[in-house]
Every structure is written in C-alpha cells, then in structure tokens.
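Residues per chain are reported as follows:
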Amino acid sequence: MMLIIGVLGRQVLTKDWLETGFLALLPASEQQPEIAKAIQQHNELLNRKVLWLTGAASSKEAIGHARRLKQQLEQSKLFNSIVLEMPQQKMAKQYQQLFPYRYQLLDTQTQLTLSNYPKDLLAQNLETLYSPMAQMMAADLEHDPLLLFSRYFNAQNPIKLTLEQGIVILHDADKYWALLLTDLEDTHLQLDKLETLLALVKSTTTQVQTAGGELMVTGMPLFTAQGSDSAKQEISTVGIGSSAGIIILLMLTFRSVRPLLLSFLAIGSGLFAALVVSVLVFGKIHIITLVFGASLIGVADDYALHFVCDSFAAKNWQPRQSLRYIFPGLLIGLLTNLLSYAGLVFSPFPGLQEVALFSAIGLLFAWLTVVLLFPLLLTGFKPDHKPVILKVANYWQQHWPVWLLKNRRWVCPLVVLFIAGGLWQLTPRDDVRLLQSAPAELLKTADKIKQLLPVSQENQFFLVSGHNLDDWHQNEQQLLEHLKVLTQQHKLMAYQGLSDYWTDQHSQQQNYQLLDKTLYQSGLLKQYMTELGFSKKAINSELKQFNDAKNKSIALPEWLATADESKQNLWLGCDSTHCLSLVSLIGITDLSALSSLQNLQGVAWVDQVEQLSSLFARYRIRVSLLLIAAYLLVFTGFGLKFGWRNALTIISIPIIATLVSLAMMGWFDQLFSLFNLFALLLVLGIGVDDAIFFFMAYNSEQSNTIDADGEAKRASTSLAVTLSALTTLLAFGLLAVSSTEIVHAFGFTVAAGIFTALACSPLVGHRVNPQDNRKV
Amino acid sequence: MIATTTPTFLRALLLFVLSFGQSYADDVLASIAARLVKTPMTQGQFQQEKRLKILRKPLLSTGTFTYHQSKGVIWKTLTPVSSLLLVNDSHLITAQGEQAVPPAFGSVFKALLGGELNRLTEGFSITGKDQKTAWQLQLIPKDALLKKVISTIQLTGDTELRQLELQEVNGNLTQISFTQISHPDHLSSEQQADFERLSP
C-alpha cells in the first residue's frame, strides 16, 4: 500500500502542487454562470495589477526614482507589462481612429447641452479659446472647430491625472509621487513567483530609500503573497512546535526512542499519503490545507499513543493481545473522526473539502500503520518503569472525578452558568474580509495610495444585460443616469460604463441629427465660425465634412478595438439571447444607495464581499445542522452497540466540550463563523475518542474478574488520553497563535474543546467507590 | 484611465513633457532678478492678443490676474466673455470644472507671472538683455518634444514683468501685456474665496 502511495507520490509531487491564491479557497459562485463569468473578468485585471509609487520632495526626483525602479522591475522578469510613461502612441492612434466619428460619438454632457441650450456649447468654446490655456485645450480647432471630439475624448477619462514627462504625478502635502503600473505575468499566482515579488518589493524599497526617496507598493498579488508568506511561517511554527512537544512528552514517558519513532512513522505515513492523494484528487493543494494538515499530527498520534500506552497496563504485555483489546476503541475512534471529516466534504468550500480529504486520508493511513505495523514493530517492547506522567495521570483520573462529584452542588450550576453566559454573548461574524487578515502596514499603504490615486476599482460592480444591443444600451444608459446623480451627491466618486463612450447605431444617428438641427441647420455654426474669424473656405470645408459624415457609424467591435484594456474588460459580449456588460465603480461612499439600483431593468448588483459573507452565514447554519446530525448519528451508532444509557454517557463528553468551547468564544469575543463549526466537528471526533477509551477500560473491568488489571487499563487509558490531549492541544493550541483570523479561531475552538473533553472524560466509567461497581 | 486635458492631445502631451535639465543661472538673469520687485503677491490687469493661423483676426481679451506665491494664480477674463481660471501646481479649475494640470502650464505659468526666474531655468535655456530702461529675456524650451510646439517665449519688463509673448512653432502667437500692477499685502475676500476653491 505504502509502496503504491510512494510510487504515485513520485509522479504527483514533481508537478507544481502548491496553491496559494486566496480566491481558490472560495466556493465556486452559486450564481448564474454569467455572474460568475463577470466576477472572473472583473477580478482578472485586479489580480494581476501591482501599483508602485516612488515619492520624493520634487517631481523630478520622484521620476528619477521611478525610472531606476522600472529598470529593476524589468530585470526581474516577473511582469508582462511595466508602464511608466503613459502609452502616448496608443492614445494618439485611438484619437485618429475615432476622430472621423466625432459627429456621432458625443459624450453625455455635450448631448445634454446641445439638446437644452446649444448656444452654451459655443459660449464654452469661446471661454476655452480666450483662456491662456487655449494652446492646449483647442489645438485642433482647425479640424474640429466645435471642439466636439476633445469633449468626447476628455469625457472618456473620468479621473483627471497630471502628467509630467508622460508620467503620472500625484502629490500630497509634502511629497511628489510618480506612478508605475505593472501586470504580473501570470494570473495564476505561483508561490515562488510571489516570494520573488515580496523579495523584490523589499529590495527596491531599501534601494529607493537609500537614494533618498520613498516607495509605496500595493496590489492584490501583494496581499496574496503576504498571506501565503505568513501561512508558511505558521506551518513551520505549528509543525516544529507540535513535533518538539511530542518528542519531549514521549521521551519523558517511555524513556525509549521506539514509541517516538513509531509515532513519527504513523504520522509520517499519514501525512505523506494525505499529500499524495489530495494532489491526485485536486491537482493542487492549498497552503491553508497544509496549515490545518499540520495539526493532524496531533490527531494521528492518538492511535499510536493508545497502542503504546497500553503497554503499561499489563505485566506481561504482548502487542498482538493488546491490539485485540484496543482494536474496537481504535476502530470507533477512526470511524467517528472520519465521520466528522466527512461533514467537511459537504461544505461548499473547495479549501475545506481539501482539508477534509487531506485529514481523512492522513488519519486512515496513520491508523492503518498503527493497526498493521505496530504489532510487529512493538514486539518485545515492554517499559519496566512507571513514568511520572502515568502516576500523575492515574492520580488525576482517580481523584479529579471524585472531587468533581463531591463538589457537584456548586460546580454544576457554575458550569451551566458559564455555558449559558458564554452562549448568550456569542455573536456570529460572517464578514468574508475577516478571512484575509493582511498586515496592518500593507493596509495602511493601500489606504494611502487609494487617497492619492482614487482610480482603483471597487469590488462591487453592476452587471447590465439586454436582449439585444439596443436593449442593453438603453438599460445601461438608464443605470448610468442614476449613477451620475449619485456622483453629484458624492455617494460615488466615478463610474465607467461602455454606453457612455460608445452609443448604439441608432443613438449615433440621433447625435448627428441633434448637431444638424441645433448648430448646422440653424446657421449657428456658420455664425460662430465667422465671428471667430475662420475663412469662408474653412467654414465650407467644415460644412462639407459634416455632410460627408452623415451615414457614418462605428460598430462596437471596432470601437472596442481602439479602447484600452480597462474598457475592453467592461464588455462581456452578446450571444443569441442577450448582451452583457459591466459597469465598474470607483470610490463608493454609500453602498446602499448603489445596491438599491438593482431594481432597474436589466441591472444586477454584484457585491462579492456581501454575497460571500451571506454565503458564509447560510453555511454556518447549514453546518450547525450538520454538526447536530453528526452527533445524532454517532449517538445512534453507540446506542445500538453499547446501549442507549452508555451511548448517552459517551456522547455527553463531546457535547459538554462543544458547549464549553462555544461559551469560551463568547466570553473571549472570538471570531465565530463557519470555521469554528468545522473545528467543533473535530472536537466531536476527539471527544468521542477520549470517552470511548475510558468506556473500553470500564468495560474490561466489567468483564475481567481481576480487578487490578481493570485498574491498570484505566490508568494506561488515562495516560493515553492525557498524552493525546496534550499533543493535540500543542498542535491546535499553536494554531491559535496564527495571525490569520480563521486559523486562530480554529485553534482556539479546538483547544477549548479538547481541554474540556480531557477534563470530563475520566467521569466516563468512573466508580465512586472501587468496591461499588456503579458508573456515573 | 489616465486623462489628458486636450483635444489634440499629442500637442498637449508634448507640452506636458518638460524635462528639467541642470539649473543654469546667467549673470544677466541674476541682475534682472535683482531688479524685479519681490513680494508674495502681485495683481493687475492684462490684455491678451492671440493670433491663430487659421483665424483671420486676433482673439482679443482683457481681464485681471492675481499671483500669489504659495496659492497660485487667478486669471479672470472679463471681455469678450467672462470666465475664470484658477491654477496652482496641483490643481486647475476652469469654467468646465477641474482639469488635469499640465506641469508646463501649472508651474511655468505661475513662475512667469511671479517672475520666478530661477524656476524657469529648469525647463528653458534663457538668454537676455539687461538695459537701463527695460530688460528682455528669450526662453527656449530644453525638452526636445516641447521644442516641437513652442519655439520661444519672450519676456519684457522693468521692475515688473510688462509683456509676455509666446511664439508657437505652427505660427500661432500669443501676446499678453500687464498693466496697473500692484503688490497688496493681503488678498481681498473675493481672491481668498477663489483660492479656497483651488486648495480646499
């Protein structure tokens, strides 16, 4: 078996198998495929963009830093586009391509002016021409006397940026900043690339600083990189921590390397098999899976410990005999654990499905190793000492329940009060943003950049549809009119919708006719041009050009071909039944005002954050039910096998552990979301494990007439339970130190649950009086 | 996503692209600078005459201007149409709202009006004559791209800047004369309000 896994492993793990992208963790959208597609297209740009700003006391210095930075970024080969100077040629080309359609492509403001007060347009032109800036504003007066196209061209860029040497320059109170835009080569962010990116950010920051400047960097890839970087550190902390804990514990207990090596064999084969199978099934595994997987060490170790600890229970200990005794316990333990992981498989999150499969396979193989190999490998193993921890554990398992029972008058109400109080304070928080806890510094930089350069698109957007191009155009225009009002009310800073830049054939004709009626037929144009001092020839030439352009129109595909990437990305295309586009938003200050626009014809509001958060909330409820179902299932299984009364005793341990764990979250104001519930599934598995072994020990007492043996079994069981609880606490407790909020919550929940299970499990099968064979 | 202010954008781009070379201060420049009245505020009236090649008559306009060293420039055209232009290093507001600032305009226009000759040396090679009654300076852009648009800027003055003449490569010519120049101590409330709009 291991051989097969080994061979598979050689094939599988040579590929690129580690996934670090944050989005891979999230469930595939539950929505219609078109929204999923829109989200994907919307995110695609964001997921590759990295934004760099070099700052200095003067714009000249800032540009100098930016130019040096650009060279370094080019050398890194990480990016497929690095833009410092704005692509002038491309824009010039766009200007040329669209200029012939200047009478058809009017921006909305010009349209409005023309339909209401056509003379205002001419007055505005005069203002422009007489201003000291005329050179810049009206340089194409000769070919475009009404400055129609300059209006259209300017309206395409809702946010005005200042250029210097072709470079975007921003400035705040005391610094000038030069902007550099980069696109990562790969949308699918690979770990080594992200590491290179982080290293690059670090080294360039130092270099710019030594040169006297300042560097700010932001972008989705950076957040992902930081996330996987800290996750990686956490894996090694958790891994090393729990390994060290286990080594110390086992060496102290057994004074022999054999149990230690065997434990590692069980854990190792479990982890390896888990890795191989997961990669086989999912193609790649996510780094978060590995973080959770590292904690598996604690659970997998349970089986090995129960086996090895049993050696303290008999004077003449034989591993094969021992297996016969502990096998039912091990099997039930495995089944409950697998059952609790099976719950995760039904979660909608690919990440958690991975965790479930990874853990289930890991446990199964660790278990198989224990059951199949340990009897052989433990031959001749017999510790002849009584380790301190055995004495302590035994003393504790004998006296702790006694104390508990003696003081139950006040302990019980106190526990009930604690649980009730904690549950009362427990408030679920499902905000998806809590998933990604970026370092404060990164967030601060991102915030500062957003203030300087408010061009970054929001996560939210509108999806506009229509059953044909005209219908779509009409629907989007209706939406954009509302958005315009919102920008005037400062509820939104800017928006981008294609229909403001490209109008359908029909509207293009209308624009032409509007111009014809208001300025050309009416003679206003002629008057305007004459008064300005244009020659007769120039006037006639303009009239002729206008006439010649009468039947011109530009189709959407041609228009899109001239547009830049951010505009092209707004278009989702037409199929036989409908046409779709995105309307992107910048600087939202009133979310509810925007989301209320979804009632408009053909408009859908897409708020990924909100949608995921509500998804989390729904699944939190679903998993709660799942958890209850799992308890009922386990309870029924036990009831059928051991009788209902015993089943109740056993199941009460994980139930109390779960309740206390929930209460702790409430008292300590911990993040309570879907993920804590998954942790509670683990608490169920481990709590049942603890209870079942104490129950088995009790059973063996019952069936065994030699009392001393039963006592020894209880002693060795309490040792195994204690050791396994300690190792599990080490492994999961360490997760609680994680800076990733959900990992921390997971660790905290499990730690609280395990500790409670450890504290309560000796009550199972405890005899109040050794002479009296009554259990509690 | 990046905006430009201009219809003919290529031209505008050329204007924006001002590369600042090393600073160069002439003796003439130093002596002229010494003659100029230096106060944080200058105001006065202007007469502007634009001769565009395609138009058969000049565009004449008059109005008032206010220069403030730290706040920027108010350029108020009164005839033939009234309009207001506000500009500093980072903002440009016209009747049509906030515009992108071409640095060749934002900083140079202000430096010209305020006689900040040292700042002008960054972008232009300057030659000049310092005579008893008046001085004259010729500014030639250093940047190759800007050279394709502006051939020369000529400044004439005494203790004040009296005339500015901008000769474009395509033959267009802009002449601005300044009269009734004064240096008040503080801004009027109207000027205050205008500058307030510029840097809220």
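Calculation notes
Residues numbered from 1 in each chain as written. Chains lettered and ligands numbered in written order. Predicted model: local features only at pLDDT ≥ 70, side-chain atom pairs only at ≥ 80, totals over all residues. UniProt positions renumbered as here; feature names shortened; annotations may be inferred. Helix = DSSP H or I, 4+ residues; strand = E, 2+ residues; numbered from the N terminus. Buried ≥ 20, exposed ≤ 12 C-beta atoms within 10 Å, placed from the backbone. Contact = placed C-beta atoms within 7 Å. pLDDT = per-residue confidence, 0-100. Pairing = 2+ DSSP bridges. Axes fitted to C-alpha atoms, helices over the stretch in contact; angles between N-to-C directions. Left-handed = near helix turned anticlockwise from the far one by under 90°. Nonpolar A, V, L, I, M, F, W, Y, C, P; charged D, E, K, R; others polar. Parallel < 35°, antiparallel > 145°, perpendicular 65-115°, else oblique. Core = buried A, V, L, I, M, F, W, Y, C linked by C-beta atoms within 7 Å. Expected span 1.5 Å × (residues − 1).

- Looking at an unreviewed UniProt entry, chain B carries the name Outer membrane lipoprotein carrier protein LolA, with the source organism given as Crenothrix polyspora.
- Its UniProt record, at the heading Subunit (unreviewed entry), says of chain B: "Monomer."

- An unreviewed UniProt entry annotates chain A as Exporter protein of Crenothrix polyspora.
- In its Subcellular location (unreviewed entry) section, the UniProt entry covering chain A states "Cell membrane".

**A short note on the overall build of chain B**
Reasoning step 1: Across its full length, chain B holds six helices and 11 strands.
Reasoning step 2: Expressed as a percentage of its 200 residues, the buried residues of chain B come to 42%.
Reasoning step 3: If you take every contact in chain B between residues at least 6 apart in sequence, the share linking residues at least 24 apart comes to 48%.

**Considering the overall build of chain A**
Reasoning step 1: Along its length, chain A carries 29 helices and 15 strands.
Reasoning step 2: Across the 776 residues that make up chain A, the buried fraction comes to 45%.

**Points about the confidence of the model for chain A**
Reasoning step 1: Confidence in the prediction of chain A, expressed as mean pLDDT, is 81, and 87% of residues score 70 or more.
Reasoning step 2: Note that residues 768–776 of chain A has pLDDT below 50 and, in this model, 11 contacts with residues that lie over four places away or in other chains.

**Things to note about the confidence of the model for chain B**
Residues and elements named next belong to chain B.
Reasoning step 1: On average, residues of chain B carry a pLDDT of 78, and 82% of them reach 70 or more.
Reasoning step 2: Counted against residues more than four places away or in other chains, residues 1–25, with its pLDDT under 50, gives 93 contacts.
Reasoning step 3: Here the predicted complex scores 0.69 on pTM and 0.80 on ipTM.

**A short note on the pairing of strand E7 (residues 124–130) of chain B**
Residue and element names in this part refer to chain B.
Reasoning step 1: In the sheet, E7 pairs with strand E8 (residues 135–141) via seven bridges, with the strands oriented antiparallel. When the bridges of E8 are listed, Ser 125 appears paired with Ile 140.
Reasoning step 2: The loop that links E7 with its antiparallel partner E8 comprises four residues.

**Concerning the sheet that holds E8 of chain B**
Reasoning step 1: The 11 strands are arranged E6-E5-E4-E3-E2-E1-E11-E10-E9-E8-E7 (chain B) in an open sheet whose pairing can be described as antiparallel. Edge positions in the open sheet fall to strand E6 (97–99) and E7 of chain B, since each of these has one partner strand only. Taken over all neighbouring pairs, the strand axes of this sheet differ in orientation by 20 degrees on average, direction set aside.
Reasoning step 2: Pairing geometry for strand E4 (residues 83–87) of chain B and strand E5 (residues 92–94) of chain B, over two bridges, is antiparallel. By the bridge assignment, Val 87 of chain B is partnered in E5 of chain B with Leu 92 of chain B.
Reasoning step 3: Most of the contacts of helix H6 (residues 118–130) of chain A go to strand E2 (residues 59–68) of chain B, to which it runs at about 65 degrees, and overall it touches E2, strand E3 (72–79) and E4 of chain B.
Reasoning step 4: Along the sheet, helix H6 (residues 189–198) of chain B contacts E2, E3, E4 and E5 of chain B; its crossing angle with E3 of chain B, the most-contacted strand, is approximately 120 degrees.

**Considering the environment of Pro 40 of chain B**
All names here are of chain B.
Reasoning step 1: With respect to the helices, strands and loops of the structure, Pro 40 is situated in the loop between helix H2 (27–35) and strand E1 (41–51).
Reasoning step 2: Residue class for Pro 40 comes out partly exposed when judged on the 13 C-beta atoms lying within 10 Å of it.
Reasoning step 3: Linking Pro 40 and Gly 114, residues 74 residues apart in sequence, is a C-alpha distance of 8.4 Å.
Reasoning step 4: The contact partners of Pro 40, leaving out residues within four places of it in the chain, are His 68 and Gln 69.

**Quick notes on the packing of helix H25 (residues 608–642) of chain A against helix H26 (residues 644–667) of chain A**
Packed helices, taken two at a time, are described by the angle between their axes plus the distance between the axes.
Residues and elements named next belong to chain A.
Reasoning step 1: Two elements in contact, H25 and H26, have axes whose closest approach is 7 Å; the angle formed by their N-to-C orientations is 145 degrees. In this structure, H25 meets H26 at a crossing whose hand is right-handed. Residues Tyr 631, Val 634, Phe 635, Phe 638, Gly 639 and Phe 642 of H25 lie in contact with H26, whose contacting residues are Trp 644, Asn 646, Ala 647, Ile 650, Ile 651 and Ile 655.
Reasoning step 2: By residue class, the composition of the contact of H25 with H26 is 10 nonpolar, two polar and no charged.

**Details of the packing of helix H20 (residues 524–532) of chain A against helix H21 (residues 536–548) of chain A**
Residues and elements named next belong to chain A.
Reasoning step 1: For the pair H20 and H21, interaxial distance at closest approach is 10 Å and the crossing angle is 150 degrees. Classed by the angle they form, the pair H20 and H21 counts as roughly antiparallel. Crossing of H20 over H21 shows right-handed handedness. The residues of H21 that touch H20, namely those facing Lys 526, Met 529 and Thr 530, are Ala 538, Ile 539 and Glu 542.
Reasoning step 2: The residue makeup of the contact of H20 with H21, split by class, is three nonpolar, one polar and two charged.

**Here we look at the pairing of strand E2 (residues 49–56) of chain A**
All names here are of chain A.
Reasoning step 1: Across the eight residues of E2, seven count as buried, placing the element largely inside the fold.
Reasoning step 2: As paired elements, E2 and strand E6 (residues 176–184) share eight bridges and run antiparallel to each other. Within the sheet, the bridge partner assigned to Ala 56 lies in E6 and is Tyr 176.
Reasoning step 3: Examined bridge by bridge, E2 and strand E7 (residues 214–218) share five bridges and lie antiparallel to one another. Bridge pairing links Leu 53 to Met 216 in E7.

**Remarks on unusual backbone geometry**
Residues and elements named next belong to chain B.
Reasoning step 1: Residue Pro 80 follows Thr 79 across a cis peptide bond; omega there is -5 degrees.
Reasoning step 2: The topology assignment puts Pro 80 in the loop between E3 and E4.
Reasoning step 3: Phi is positive for Gln 180, close to 50 degrees, though the residue is something other than glycine.
Reasoning step 4: Its location among the elements puts Gln 180 in strand E11 (residues 173–182).

**Examining the nonpolar core**
All names here are of chain A.
Reasoning step 1: Within the largest apolar cluster, 115 residues are counted, with the highest numbers of intra-cluster contacts made by Tyr 303, Ala 366, Val 370, Ile 650, Val 683 and Ile 754.
Reasoning step 2: Residue contacts for Ala 366: discarding those within four places in its chain leaves Ala 266, Ile 267, Ser 269, Gly 270, Ala 300 and Tyr 303.
Reasoning step 3: Grouped together as the second largest cluster of nonpolar side chains are 33 residues, Ile 63, Ala 66, Leu 78 and Ile 169 included.

**What about the environment of Leu 105 of chain A?**
All names here are of chain A.
Reasoning step 1: By the element assignment, Leu 105 lies in the loop between helix H4 (88–98) and helix H5 (108–116).
Reasoning step 2: Each C-alpha atom, one on Leu 105 and one on Tyr 152, is 7.1 Å from the other, the two residues being 47 residues apart in sequence.
Reasoning step 3: Once residues lying within four places of it in the same chain are set aside, the contact partners of Leu 105 are Leu 98, Tyr 152 and Thr 503.

**Overview of helix H19 (residues 505–520) of chain A**
Reasoning step 1: The end-to-end C-alpha distance of H19 of chain A, which contains 16 residues, comes to 21 Å, matching closely the 22 Å that a straight helix rising 1.5 Å per residue would cover.
Reasoning step 2: For H19 of chain A, the secondary structure elements touched by its buried residues are H5, H6 and H20 of chain A.

**Observations regarding the environment of Leu 184 of chain A**
All names here are of chain A.
Reasoning step 1: Tracing the backbone through its elements, the reader meets Leu 184 in strand E6.
Reasoning step 2: Taking the C-alpha atoms as reference points, Leu 184 and Asn 80, separated by 104 residues in sequence, lie 6.0 Å from one another.
Reasoning step 3: In this structure Leu 184 touches Arg 48, Val 50, Leu 78, Phe 79 and Pro 221, once residues within four positions along its chain are discounted.

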